[in-house]
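Chains, contacts and geometry: an overview
These are the residues of each chain, in order.
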Amino acid sequence: VIPEELPTIIVNKISGLTAMNNPQVATGWNSGFLVFTGNGGSLDITNTTFINNGIESRNAVSSALILIDTKNTDVNFDNIVFTNNKKANQSGGMISVYAQNGAITMNNITMNENEAASNSAGVFYTGSGTSTLSITNSHFKGNRNTEGMGGAINLRLKDASATTLSNTHIENNFADRGGSGINAVLETTNGLTLDTVTVDGNTASRHLYNPETGEQS
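Comments concerning the overall build of the protein
Counting its regular elements, the protein contains zero helices and 21 strands. Evaluated residue by residue, the protein yields a buried proportion of 50% over its 217 residues. The contacts in the protein between residues at least 6 apart in sequence include a share of 85% that link residues at least 24 apart. Accessible surface, the protein: about 9,300 Å² in total, of which carbon and sulfur atoms supply 46%.

Written out as C-alpha cells, the structure is:
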C-alpha cells in the first residue's frame with residue numbers, strides 16, 4: 001500500500017552501475033540495494049547490472065534488489081541485466097514496482113538464472129490507478145521461484161492499470177505454485193496485452209493453488 005504522502009521525486013538518474021557478489025543487500029522490510037519512493041517527477045535507471053547478489057534473510061519481507069514505490073511518477077528502465085541473483089525472503093521480486101498512476105517502461109531487460117522464494121524471480125509489479133507497465137525487447141530465461149507464483153513476471157493490476165509485453169522471450173522458467181512464465185491477477189478495467197511474445201519451456205510443480213485456503217494440487 002502506498003502512503004498518502006510521499007517525498008517528491010523531481011528527476012533521478014542512475015547509469016553505469018554494476019553490483020556484484022553482495023550476499024545480503026537487505027535485512028528489514030521493504031528494503032533493498034536500490035530503493036526509491038516518491039510522488040511525481042521521473043526516475044531513469046539505465047545500463048545497470050546485478051550479478052550474484054542476494055537477500056539471505058527470510059524475514060526481509062517485500063524487499064528486492066530494486067524496489068520502486070511511487071505515485072504519479074514515470075520510471076524508465078533501459079539495458080538492465082540480472083544474472084544469478086538469489087532471494088530467500090518473503091514477497092517481492094528482483095525488481096519490485098508498486099505504482100499508483102505513472103508510466104513504468106522496461107526496455108532491454110535481461111534476467112537469467114535468478115532464484116527467489118517469493119512473488120517472482122524476475123519482475124513483480126503492482127499497478128493501481130491509471131499506472132501502466134510496458135516491457136519490450138526483453139529476455140527472461142532459467143529463473144526459478146522455488147515457493148511462490150511467477151517464475152519470470154508476476155502482475156497485480158487494479159483499477160484502470162494496464163500492462164503490455166512486446167518483442168519479449170520468456171523461456172525455461174519455473175514457479176512452484178504456477179504462473180511459471182507469467183502470473184497475472186487482473187482486477188482492472190484494462191488488462192494485459194501480449195504482442196510478439198515467446199513463452200516456451202516454462203514449468204511448475206503445483207499447477208493449482210488457492211492462496212486463500214492454501215490448498216494445492
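After that view of the structure, there is still more to cover.
Brief notes about the sheet that holds strand β9 (residues 95-100)
Reading across the sheet, the six strands line up as β3-β6-β9-β12-β16-β19 and stay open at both edges, with parallel pairing between neighbours. Two strands close off the open sheet at either side, each with one partner strand: β3 (32-39) and β19 (182-188). Each strand of the sheet is rotated relative to its neighbour by a mean of 5°, with strand direction disregarded. By the bridge criterion, seven bridges tie β3 to strand β6 (residues 64-71) in an arrangement that is parallel. Following the sheet pairing, V35 is matched in β6 by L67.

Side note on the environment of M20
Locating M20 in the fold gives a position in strand β2 (residues 18-20). M20 sits in the partly exposed class, given a relative accessible area of 43%. Through-space distance from the C-alpha of M20 to that of T49 is 8.1 Å; in sequence the pair is 29 residues apart.

Quick notes on the packing of aromatic side chains
Two aromatic rings, taken as a pair, are described by how far apart their centres are and by the angle between their planes. In total, this model carries three aromatic pairs according to the counting rule given. Their ring planes at 10° and their centres at 4.8 Å tell us that F50 and F82 sit as a pair that is stacked. Residue F50 is located in strand β4 (residues 42-51), and its partner F82 is located in strand β7 (residues 74-83); the two are separated by 32 residues in the primary sequence. Considered together, F50 and F82 belong to a single accessibility category, that of buried residues. Residues Y98 and F124 carry aromatic rings whose centres are separated by 5.9 Å and whose planes lie at 80° to one another, so their mutual orientation is edge-to-face. In this pair, Y98 sits in strand β9 while F124 sits in strand β12 (residues 123-128), placing the two residues 26 residues apart along the sequence. Taken as a pair, Y98 and F124 share a single burial class, namely buried.

Comments concerning the nonpolar core
One finds F77 and M106 to be the most contacted residues of the largest nonpolar core, which totals 36 residues. Leaving out residues up to four positions away in the same chain, M106 has contacts with F77, I95, V97, V123, L133, S134, I135, T136 and S138.

Reading guide: rules and limits
- Per chain, residues are indexed from 1 in the order of the written sequence.
- Local features in this predicted model are restricted to residues whose pLDDT is 70 or higher, and side-chain atom pairs enter the listing and the counts only when it is 80 or higher, whereas totals over whole chains, interfaces and linings include all residues.
- Where side-chain values are given, they derive from all heavy atoms of the structure, hydrogens and water being excluded.
- Secondary structure elements are defined from DSSP: runs of H or I of at least 4 residues count as helices, runs of E of at least 2 residues count as strands, and each element is numbered from the N terminus.
- In this scheme, a residue with accessible area under 20% of its type's maximum is buried, one over 50% is exposed, and one in between is partly exposed, where area comes from a 1.4 Å probe on protein chains only.
- The contact criterion used is simple: two residues touch if any of their non-hydrogen atoms lie within 4.5 Å.
- Calculation of accessible area relied on Shrake-Rupley with a 1.4 Å probe; when residues are assessed, cover is drawn exclusively from the protein chains displayed.
- DSSP-based pairing: two strands are paired if at least 2 bridges between them are found.
- Fitting a line to C-alpha atoms yields each axis, with helices limited to the stretch in contact; the angle taken between N-to-C directions then spans 0 to 180 degrees.
- Each aromatic pair joins two rings of Phe, Tyr and Trp (for Trp, the six-membered one) with centres within 6.5 Å, and gets the label stacked for planes under 30 degrees apart, edge-to-face for over 60, and tilted for any other angle.
- The term nonpolar core refers to a set of buried residues drawn from Ala, Val, Leu, Ile, Met, Phe, Trp, Tyr and Cys, joined through side-chain atoms within 4.5 Å.

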